[in-house]
Amino acid sequence: MKILIMTLSNIGDAVLTTSVLECVKKKFPLSSVDILAAERAKPVFTSDPRINEIIIYNKKSGIFEKLSLCKGLRTRGYDLVLDLRNTFASYFIAKRVLKSKNPKTHMYIKHNTVLRKFFSFAERLMFKPKIYWSPEDVSFIDSLGLRDYLVISPAARSDTKSYPLGYFKELIVLLRGKFPDIEIVLVGEDADRNICQELLIDSRVRNLAGETNISQLGYFLSKSRLVITNDSAVLHVASSVNVPTIALFGPTSESKYGPLADNSIVLRRHYVCSPCEKAQCKFGDKRCLAGIKPDQVFNFASRFLMGESIDIRTDYKRILLTRVDKIGDLVLTIPMVEIIRKNFPNSFISFLSSVKTKALIENNPYLDQVITLDKKTGFLGFLRLLKEIRKSRFDIVFNFHPTNRVHLLCFLGQIGLRVGYDWKAGWFNNCKAKHLKQLGEKSEADYNAELLGKIGINESSHIQTIIPDECAVSKIDKDLKDKDIRDFIMIHPGASCKSKLWPLENFIALAKKIAQQKRLKLVFILGLHEDFMRKRIEDELGSAVEIYQNLELRDLIALISSSSALISNDSGPMHIADAFSKPLIAIFGRNQPGLSFKRWGPLGKDAIVIYKDPGCKECLAHNCQKSFVCLRGITVDDVYKEFEKILSVVG
C-alpha cells in the first residue's frame, strides 16, 4: 500500500505531524510512506526510517508548477493521501483522501484525526510526535564532548513569542550561580546565532545555534537535563524526545502548542487578552511574556534539576486579592501574595487596596496589577471601579478583610468564586469562613492564611515583601546626605488611636537618654495632624534630632528602609520596619484579644514587643476609664533596657 502524507511547512508544525507516522505504521505496518514537505521542513524527516521518500514542494510556486507537481504525484499511484494541510489539491493526487478535522485541542491530536476512521479518540492520544536520528548524528553530537548540560532556546520565529533577552541573561546568571557544574547550551537556527552570542556570560555557556540539524538537535536534547524554550520548533523537538521542558508562552495557546513531555510545564501570564494569537502585541510591550520573571523560571528550573516532578494548578487563571483598610493591616496581608503566586505561577494576580496604601504593594514582584479604592470618589467612583472589576473577568477573589463595600463590589463584579468571611454583608461571599479574628488567638498573617485553606492551600508565611520606589529612595538618600545623616535610629511617637499612644514625654525622655549615652542620630517621624508633637519635640530636643513630618507613603517606606532601627507604638511604620526585618521595639498597651500584640504584633526575629499587663478584668481599648494605665506603666528605663539589646543587632 502506497501512502502520501502532505505535511506542513514550518519546522515545529512538521515535528507535530510526525505523530501521524506513528498512526500509519500501526494501522498499515507494511505500507510505503512518502512525505510531501517544504524544503524548510525536510530535516525533520531526513533520518526517519518510517519514510520511503521525501518529496519537496515550494508553496510560493506558481499555479502551473503546482498543477505539474500534482500530476506527477498522481502518476505514482498512491492508494491513500493523508492531507494535513486540508487543501483541495489533494483530490487531484489520489481517489482516496483523508483530511484532518479542526477540533479545539492540541495540534498533534488534530493531525491524528486524519485517521479517525481507524482509531478512537483515546487511541489517537497515544500516538505522539517522534523524531529519529542517524548514527552519524549521534557521532557528531558525542564529538562535542558535552556531558552534563541543560539547553536554552532564546529565539522564536516571531518576536512576539520571544521571552525578553534580558530576562534570559538574568536567568543564565542565576543558573550558573546555583549549578556551576552544569553547562548551559544555547540552540536555535543560524539566524539566531547573534542573539545567542549576547548570552555568553562565561566559558560554561556555549552557543550551538545553527550548528545542528533537526535530527542532531533531537538526539542532543534527549541527553540534556532540561530544556527551557519559547513556543518554537525547539519546544516541539523536545516534546518528541520526551525531555523535561519549561515552555515560556505569551500570545499563543498552550492547549494547541504546549509541551508534551511527561515532565514539563508551561509558564505564562493569563492577561485578559491572552492568548491573543496575534502576530503583534496591541500594547507593544509583550506583557504576557514580560510578566514571567527570571527568578520564577529559575525556581522551577532548580526544582527540575534537583529531580522534582512538578504540577501547576490552573483552576484559577485570574485572581483578585482585596484589603482596603490601613497600612499595618495590608502589610500583614502581603505574605499571602507570595503564597498565591507560588501555588498559581501562571495566574494573573491583582490586588485591590486603598488608594492610601497602594505604595506598599505597587512594586511587589508577585503581583501583576494593583487596583485602588478611593472612598472619596463616592458612588461614581464605585461604578468606575465596578466596571474595571467586571472587565478584568476574575475567576476568584479573596476578601481578607470584610467590608460591605468590597463584598458588594465583588458580587456585582461577577467574580465566580468569592472567598471571605461571614461578616459585614458576608452573604455576598459564596465560599465563607467563620469570622474569629476578634478572638486574637494568632497573628493576623496566620488568620489571612487560613482563608486560603478554602481552596486547599494549607500553608502560612511571615515574609512581608515591600519594594521601595526607586525615585523615593533617591530622593530620601539625597536628603539624608545633604543633612549628613548616615546611620540613624527612628522614633515614631504617633498612632492611629489614643489607646496605642505611649506618652510623648516618655519618647522625649528616651530620646534624650539615647542621645546622651549612645550618641546616635535620632530621626522622629510624625503624621499630618501631629504639629503639637513637633513643637514639643523641637522645644525639648532642638537640633539633637531630625524630624520628618507628613511624608508621602512612598517616601516613608524609603526612609524606613534606610534606617538602622525603629522605636514605635503599634502603628503602620512599625509594620513597615518589620517588613524590612529592621531591629525594632514595638510598645503595646491594650490587651483586648482582637487588638492585642498577639494578633497585631511584629513578625520579625529582631522585633521586641514591650507590654505590661495592668490586671484589668476587661480591656475597653479606646474607651479606657483608667487613663491607659497599661501604657503609662511602661517606663523609659523599660524601653531603654530593650533598646540596648537591639544595639548588638544594629552593630
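Scroll up for the structure.
Residues numbered from 1 in each chain as written. Predicted model: local features only at pLDDT ≥ 70, side-chain atom pairs only at ≥ 80, totals over all residues. Heavy atoms only, no water.

## Examining the nonpolar core
Part 1: Judged by nonpolar contacts, the single largest core of 60 residues is most densely connected at Ile-319, Leu-321, Ile-340, Leu-360, Phe-398 and Ile-576.
Part 2: The dominant element in this core, judged by the number of residues it contributes, is helix α22 (residues 553–562), at six residues.
Part 3: Among all residues touching Ile-576, those that are not within four sequence positions of it are Ile-327, Val-331, Leu-360, Ile-466, Leu-553, Leu-556, Ile-557 and Ile-560.
Part 4: The next biggest cluster of nonpolar side chains, apart from the first, holds 45 residues, and it includes Leu-21, Phe-45, Val-185 and Phe-220. (Core = buried A, V, L, I, M, F, W, Y, C linked by side-chain atoms within 4.5 Å. Buried < 20%, exposed > 50% of the residue type's maximum accessible area, 1.4 Å probe, protein only. Helix = DSSP H or I, 4+ residues; strand = E, 2+ residues; numbered from the N terminus. Contact = heavy atoms within 4.5 Å.)

## Topic: the pairing of strand β21 (residues 565–569)
Part 1: Of all five residues in β21, five are buried, a share of seventy percent or more.
Part 2: Every second residue of β21 is oriented toward a common face, with Ala-565, Ile-567 and Asn-569 on one face and Leu-566 and Ser-568 on the other, all of them buried.
Part 3: Bridge count for strand β18 (residues 488–492) against β21 is four bridges, and the pairing is parallel. Considered in β21, the bridge of Ile-489 is made with Ala-565.
Part 4: Examined bridge by bridge, β21 and strand β22 (residues 584–587) share four bridges and lie parallel to one another. In the sheet register, Asn-569 faces β22, and the bridge partner there is Ile-587. (Pairing = 2+ DSSP bridges.)

## Describing unusual backbone geometry
Part 1: Omega for the peptide link from Ser-274 to Pro-275 comes to -5°, which places this bond in the cis form.
Part 2: Along the polypeptide, Pro-275 turns up in the loop between β11 (264–267) and α12 (287–290).
Part 3: Notably, Asn-242 is not glycine yet its phi reads approximately 55°, a positive angle.
Part 4: Looking at the element boundaries, Asn-242 is found in the loop between α10 (233–240) and β10 (245–248).
Part 5: For Asn-242, a relative accessible area of 41% translates into the label partly exposed.

## Brief notes about the sheet that holds strand β19 (residues 521–526)
Part 1: Taken together, six strands build an open sheet; the order of strands is β20-β19-β18-β21-β22-β23 and the sheet is parallel. Edge positions in the sheet fall to β20 (545–549) and β23 (607–610), since each has one partner strand and no second. Averaged over neighbouring strand pairs, the angle between their axes works out to 20° when direction is ignored.
Part 2: Pairing of β22 with β23, which is carried by four bridges, proceeds in the parallel orientation. Note that in β23 the partner of Ile-587 across the bridge is Ile-610.
Part 3: Here helix α21 (residues 531–541) sits on the sheet and contacts β19 and β20; the angle it forms with β20, its principal contact strand, is near 170°.
Part 4: The strands that helix α26 (residues 636–650) touches are β18, β21, β22 and β23; relative to β23, the one it contacts most, it runs at about 175°. (Axes fitted to C-alpha atoms, helices over the stretch in contact; angles between N-to-C directions.)

## Focus: the sheet that holds strand β2 (residues 32–38)
Part 1: Spatially, five strands are ordered β3-β2-β1-β4-β5 in an open sheet, and the strand pairing comes out parallel. Each edge of the open sheet is held by one strand with a lone partner, namely β3 (53–57) and β5 (97–99). When strand polarity is set aside, the average angle formed by the axes of neighbouring strands in this sheet is 20°.
Part 2: Here four bridges tie strand β1 (residues 2–6) to strand β4 (residues 80–83), and the two strands are oriented parallel to one another. Across the sheet, Met-6 pairs through a bridge with Asp-83, a residue of β4.
Part 3: Strand contacts of helix α3 (residues 63–74): β1, β2 and β3, with the helix running at about 160° to β3, the strand carrying the most contacts.

## What to know about the packing of helix α15 (residues 334–343) against helix α18 (residues 444–452)
Part 1: Following both chains from N to C, one finds α15 and α18 inclined at 30°, their axes separated by 9 Å at the closest point. Judged by the angle between their axes, α15 and α18 are roughly parallel. The element α15 and its partner α18 pack so that their crossing is right-handed. On α18, the residues touching Met-336, Ile-339 and Ile-340 of α15 are Ala-445, Asn-448, Ala-449 and Leu-452.
Part 2: Taken together, the residues that form the contact of α15 with α18 break down as six nonpolar, one polar and no charged. (Parallel < 35°, antiparallel > 145°, perpendicular 65-115°, else oblique. Left-handed = near helix turned anticlockwise from the far one by under 90°. Nonpolar A, V, L, I, M, F, W, Y, C, P; charged D, E, K, R; others polar.)

## Some remarks on the pattern of salt bridges
Part 1: Here the structure, examined in full by the defined rule, presents 40 salt bridges.
Part 2: Ionic pairing is found between Asp-159 and Lys-286, a salt bridge with its closest N-O pair at 3.7 Å. Linking Asp-159 in the loop between β6 (149–153) and α7 (165–178) with Lys-286 in the loop between β11 and α12, this pair joins segments that are 127 residues apart in sequence.
Part 3: Using a relative accessible area of 16% as the deciding quantity, one classes Lys-286 as buried.
Part 4: Across the pair Arg-323 and Asp-329 runs a salt bridge whose closest N-O atoms are separated by 3.6 Å.
Part 5: For Arg-323, a relative accessible area of 2% translates into the label buried.
Part 6: What emerges from the salt-bridge pattern is a single network uniting Arg-323, Asp-325, Asp-329, Lys-437, Glu-444 and Arg-599. (Salt bridge = Lys/Arg side-chain N within 4 Å of Asp/Glu carboxyl O.)

## Points about the layout of surface pockets
Part 1: Taken as a whole, the second largest pocket holds about 700 Å³ of empty space.
Part 2: If you list the elements that add at least two residues to the lining of the second largest pocket, you get α1 (11–27), α4 (107–112), α9 (214–222) and α10.
Part 3: At four residues, α10 tops the list of elements feeding residues into the lining of the second largest pocket.
Part 4: Split into classes, the residues belonging to the lining of the second largest pocket amount to 13 nonpolar, twelve polar and nine charged. (1 Å grid on protein atoms, 1.4 Å probe; cavity = no way out; pocket = protein on both sides within 12 Å on 5 of 7 lines; lining within 4 Å. Points joined across faces, edges and corners; volume = space filled by probe spheres on them.)

## A closer look at the environment of Asp-638
Part 1: Assignment of secondary structure puts Asp-638 in helix α26.
Part 2: For Asp-638 and Tyr-611, which are 27 residues apart along the polypeptide, the C-alpha to C-alpha distance reads 9.9 Å.
Part 3: Once you skip the residues sitting within four places of it in the chain, Asp-638 turns out to touch Ile-610, Lys-612 and Gly-633.
Part 4: Side-chain polar atoms of Asp-638 contact the side chain of Lys-612, separated by 2.6 Å.
Part 5: Polar contacts involving the side chain of Asp-638 include one to the side chain of Thr-635, which spans 2.9 Å. (Polar contact = N/O pair within 3.5 Å; in protein donor to acceptor, adjacent residues only side chain to side chain.)

## Some words on empty space enclosed by the protein
Part 1: Tallied over the full model, the rule gives one cavity of 30 Å³ or more.
Part 2: Thr-160, Pro-251, Cys-273, Ser-274, Cys-276, Cys-281, Lys-282, Phe-283, Lys-286, Arg-287 and Cys-288 together form the lining of the largest cavity.
Part 3: When its residues are assigned to classes, the lining of the largest cavity shows six nonpolar, two polar and three charged.

## Re the packing of helix α20 (residues 504–517) against α21
Two packed helices can be described by the angle between their axes and the distance between those axes.
Part 1: One way to put it is that α20 packs onto α21 with a least axis distance of 11 Å and a crossing angle of 35°. Like other packed secondary-structure pairs, α20 and α21 cross with a definite hand, here right-handed. Contacts from Leu-504, Glu-505, Ile-508, Ala-511 and Lys-512 in α20 reach Met-533, Arg-536, Ile-537, Glu-540 and Leu-541 in α21.
Part 2: Its residues assigned to classes, the contact of α20 with α21 comprises six nonpolar, no polar and four charged.

## Some details on the packing of aromatic side chains
Part 1: Applying the stated criterion to the full structure yields 17 aromatic pairs.
Part 2: Measuring from centroid to centroid gives 4.9 Å for Tyr-271 and Phe-348, while their planes differ by 65°, and the two rings are edge-to-face. With Tyr-271 in the loop between β11 and α12 and Phe-348 in strand β13 (residues 348–354), the pair connects residues that are 77 residues apart, well separated along the chain.
Part 3: An aromatic cluster is built from Phe-88, Tyr-91 and Phe-92, whose rings are joined through pairwise contacts.
Part 4: For the cation-ring pair, Arg-318 lies above Phe-348, with the distance from its terminal atom to the ring centre recorded as 4.3 Å. (Phe/Tyr/Trp six-rings, centres within 6.5 Å; stacked < 30°, edge-to-face > 60°. Lys NZ or Arg CZ within 6 Å of the ring centre and 35° of its normal.)

Don't take any of this as a statement about function, it's just geometry.
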